[in-house]
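# Descriptive structure summary
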Amino acid sequence: MNYHLMIDDKFINDFIIDGEMTSPGNNVYIIDKPLEIVQHVKSDKAIFAPYDTALFSDTIKDIKEGDKVFIHWASDAAINFVLGLPKSIKIGLFFWGGDIVEIPYSMYKDTIYGPQSLRYFSKYEERQKVKWNPLKPKRLFRTLGNRYWNYKVNEQRIFEIRQKFFARLNYFVHWNVIDFQWVLDRYETQAEFVYFFYNFNPVPAVDPNAPVKIKNHISIMLGNSDTTPNNHFEILDILKKFKNENIKLVIPLNYGNKKYGDVIEKRAIAIFGEDKVVALRKFMNRESYYEVLDDVDVAVMNHYRIQAVGNVLALIYREKKVFMHEKSSTYKLLIENGVVLGNSVDIANISFSEFKAPLSAKIKAENIVNTNKLFNLTEKKVSLTKLLS
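Okay, so let's go over this structure.

## Considering helix α11 (residues 258-272)
Compared with the 21 Å implied by 1.5 Å per residue over 15 residues, the 21 Å span of α11 between its first and last C-alpha is a close match. For α11, the set of buried residues is Tyr-260, Gly-261, Ile-264, Ala-268, Ile-271 and Phe-272. Relative to the axis of α11, the buried residues are bounded by an arc of 100 degrees and lie together on one face. In α11, the exposed residues that point more than 90 degrees away from the buried face are Lys-258, Lys-259, Lys-266 and Ala-270. The inward-facing, buried residues of α11 abut α6 (115-124), α10 (232-239), β9 (247-252) and β10 (277-280). Gly-273, located one to two residues past α11, shows a positive phi value of around 95 degrees.

Below is the structure:
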């Protein structure tokens, strides 16, 4: 039996379909959230059992030798659970990104953020907030300690636990070997690299009878969420030289940290004006979001780490021009395999005409062909079938 420790996320429904297609009836899908507050996972095969509940304990009580446990988001709770399992039970990590390359914060933050984003993260997000309630002195002193004098000790403890986790890991499940090399450079592990990718975004259906939209502006998408690794501060400053051009900034700020999203929306409006900023603040279903992507002319994903892969692929399949940061492992892999992308670092040194110039028909077609080679559905099915058997 395969036990999947999962979070409530938009990718999980499709994975459950993949799991049942490749290994039907041989999977247990456990979501670390109570059913009453779940937002994304709709599958009737999911069990909503937070890891600290009796339901979770009951669900996993029959784990035995030969079973496998897979983590889909490496939370501290999930890692601690698998470290308590006997070695006869193999464990795997479906690699996402932020759950590994950002943690411990103090160790990796300099590689994730641009200068302004780093200052914001360090001031507002990195450390636990102090809960100033004099009626609850124990909580007050505990949160004070976690924020200040115990912070470095706690970070070191997290790192040591993750060292044990990677030493114990059997499978690193992902599609980008560059990310696996990042792990190998920092942790001792004998894990096997297993090819797999979540169903990021399907290829768009082409309607030959769809009317051609006529626009009098250039639509620019910035980032994929209201999270600090988007490095919005830096890219907004770079793009401000285009503020007098006929543009619309489309900024998805509906997935992550609302307070950070508020800051970025205000910053964008202050630079470009309210009439040129479209901040997406409410959750959108997949179909509605695809309609937004259909209207984009240029996208800028300024992440230094793996993030927004689903958006990037959806944009490539829609023949859009995409800029990514040169530090991104996704950028590196796509470039190495013949996909033509812009480097967001270069935007500071190009004209608006160069920035907005569409890709040629030849490059658009080649981008799709080369992307399909990297994200091969047949190879994925074979690999997942073997892993879950």
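## Quick notes on the pairing of strand β11 (residues 298-301)
Of the two faces of β11, the one carrying Val-298 and Val-300 and the one carrying Ala-299 and Met-301 are both buried. Of the strand pairs in this sheet, strand β8 (residues 218-222) and β11 are connected by three bridges, and their pairing is parallel. Note on β11: the bridge partner recorded for Ile-220 is Val-298. Bridge count for β11 against strand β12 (residues 321-324) is four bridges, and the pairing is parallel. By the bridge assignment for β12, Met-301 is matched with Met-324. The handedness of the β11 to β12 crossover, carried by helix α13 (residues 309-317), is right-handed.

## Some words on the packing of α10 against α11
Helix packing geometry: the angle between the two helix axes and the distance between the axes. Put simply, α10 and α11 touch, their axes get as near as 11 Å, and they point 10 degrees apart. Between α10 and α11, the angle is such that the two are roughly parallel. Residues His-232, Phe-233, Leu-236, Asp-237 and Leu-239 of α10 form the contact with α11, whose own contacting residues are Tyr-260, Val-263, Ile-264, Arg-267, Ala-268, Ile-271 and Phe-272. Here the contact of α10 with α11 is built from residues that sort into nine nonpolar, one polar and two charged.

## A few points about the side chain of Lys-276
By the element assignment, Lys-276 lies in the loop between α11 and β10. Side-chain polar atoms of Lys-276 contact the backbone oxygen of Lys-243, separated by 2.6 Å. Among all residues touching Lys-276, those that are not within four sequence positions of it are Lys-243, Asn-244, Glu-245, Ile-247, Lys-248 and Leu-249.

## Some thoughts on the pattern of salt bridges
All told, the structure shown has 16 salt bridges when counted by the stated rule. We note a salt bridge from Asp-262 to Lys-258, for which the minimum N-O separation is 3.3 Å. In this pair, Asp-262 and Lys-258 both sit in helix α11, four residues apart, roughly one turn of the helix. Residue Asp-262 is classed as partly exposed on the basis of its relative accessible area, which comes to 25%. The salt bridge involving Asp-262 is made with Arg-281; its shortest N-O contact spans 3.1 Å.

## Concerning the environment of Glu-291
Mapped onto the secondary structure, Glu-291 falls in helix α12 (residues 286-295). Assessed through its relative accessible area of 54%, Glu-291 is described here as exposed. Along the backbone, Glu-291 and Val-382 are 91 residues apart, and their C-alpha atoms lie at a distance of 32 Å.

## Re the sheet that holds strand β13 (residues 342-343)
Within the open sheet, the six strands sit side by side as β10-β9-β8-β11-β12-β13. Their pairing is parallel. With one partner strand each, in any of the chains shown, β10 and β13 form the two edges of the open sheet. Here α11 sits on the sheet and contacts β9 and β10; the angle it forms with β10, its principal contact strand, is near 170 degrees.

## Description of the sheet that holds strand β7 (residues 192-195)
Spatially, β3-β2-β1-β4-β5-β6-β7 is the arrangement adopted by the seven strands of the open sheet, whose pairing is parallel. Of all strands in the sheet, those with a lone pairing partner are β3 (46-48) and β7, marking the two edges. For this sheet, the mean inter-axis angle between neighbouring strands, taken without regard to orientation, is 25 degrees. As defined by bridge partners, strand β6 (residues 171-174) adjoins β7 across four bridges and the pair is classed as parallel. The residue of β7 that forms the bridge with Val-173 is Val-194. Here helix α1 (residues 12-22) sits on the sheet in contact with β1 (2-6), β2 (27-31), β3, β4 (68-72) and β5 (90-94), set at roughly 170 degrees to β2.

## Considering the nonpolar core
Among the nonpolar cores identified, the biggest contains 93 residues, and Leu-5, Val-69, Leu-93 and Phe-94 are the most heavily contacted of them. Per-element tally for this core: the top contributor is α13, with seven residues. Counting 26 residues, the second largest nonpolar core, distinct from the first, contains Leu-236, Tyr-260, Ile-271 and Phe-355.

Reading the values: the criteria
- All residue numbers refer to positions counted from 1 along the written sequence of the respective chain.
- Residue-level local features of this predicted model are given only where pLDDT is at least 70; pairs of side-chain atoms are given and counted only at 80 or more, and the full residue set underlies all totals for whole chains, interfaces and linings.
- Just so you know, side-chain values use all the structure's heavy atoms and leave hydrogens and water out.
- By the criteria applied, helices consist of DSSP H or I runs no shorter than four residues and strands consist of E runs no shorter than two, each listed in order from the N terminus.
- Multiply 1.5 Å by the residue count of a helix minus one, and that product is the helix's expected span.
- Each residue's exposure class comes from its accessible area (1.4 Å probe, protein chains only) as a fraction of the maximum for that residue type: buried when under 20%, exposed when over 50%, partly exposed otherwise.
- The directions considered for the arc run from the helix axis to the C-beta atoms.
- Contact definition: two residues touch when any of their heavy atoms are within 4.5 Å.
- By the convention used here, strands pair only if DSSP detects at least 2 bridges between them.
- Note on handedness: a clockwise path from strand one over the helix to strand two, with the strands aimed away from the viewer, defines a right-handed crossover.
- Only C-alpha atoms enter the line fits that serve as axes; for helices the fit covers just the stretch in contact. Angles between N-to-C directions range over 0 to 180 degrees.
- Just so you know how the angles are binned, under 35 degrees is roughly parallel, over 145 roughly antiparallel, 65 to 115 roughly perpendicular, and the rest oblique.
- Throughout, the ten residues Ala, Val, Leu, Ile, Met, Phe, Trp, Tyr, Cys and Pro are labelled nonpolar, Asp, Glu, Lys and Arg are labelled charged, and all others, Gly among them, are labelled polar.
- Contacts described as polar in this section are N or O atom pairs within 3.5 Å, which, within protein, must combine one atom able to donate a hydrogen with one able to accept it, while residues neighboring in sequence count only if both atoms come from side chains.
- When a carboxyl oxygen of Asp or Glu lies within 4 Å of a side-chain nitrogen of Lys or Arg, that pair is called a salt bridge.
- Only buried Ala, Val, Leu, Ile, Met, Phe, Trp, Tyr and Cys residues count toward a nonpolar core, and they belong to the same one when joined by side-chain atoms within 4.5 Å.

Without other data, these values stay purely geometric and don't point to any function.
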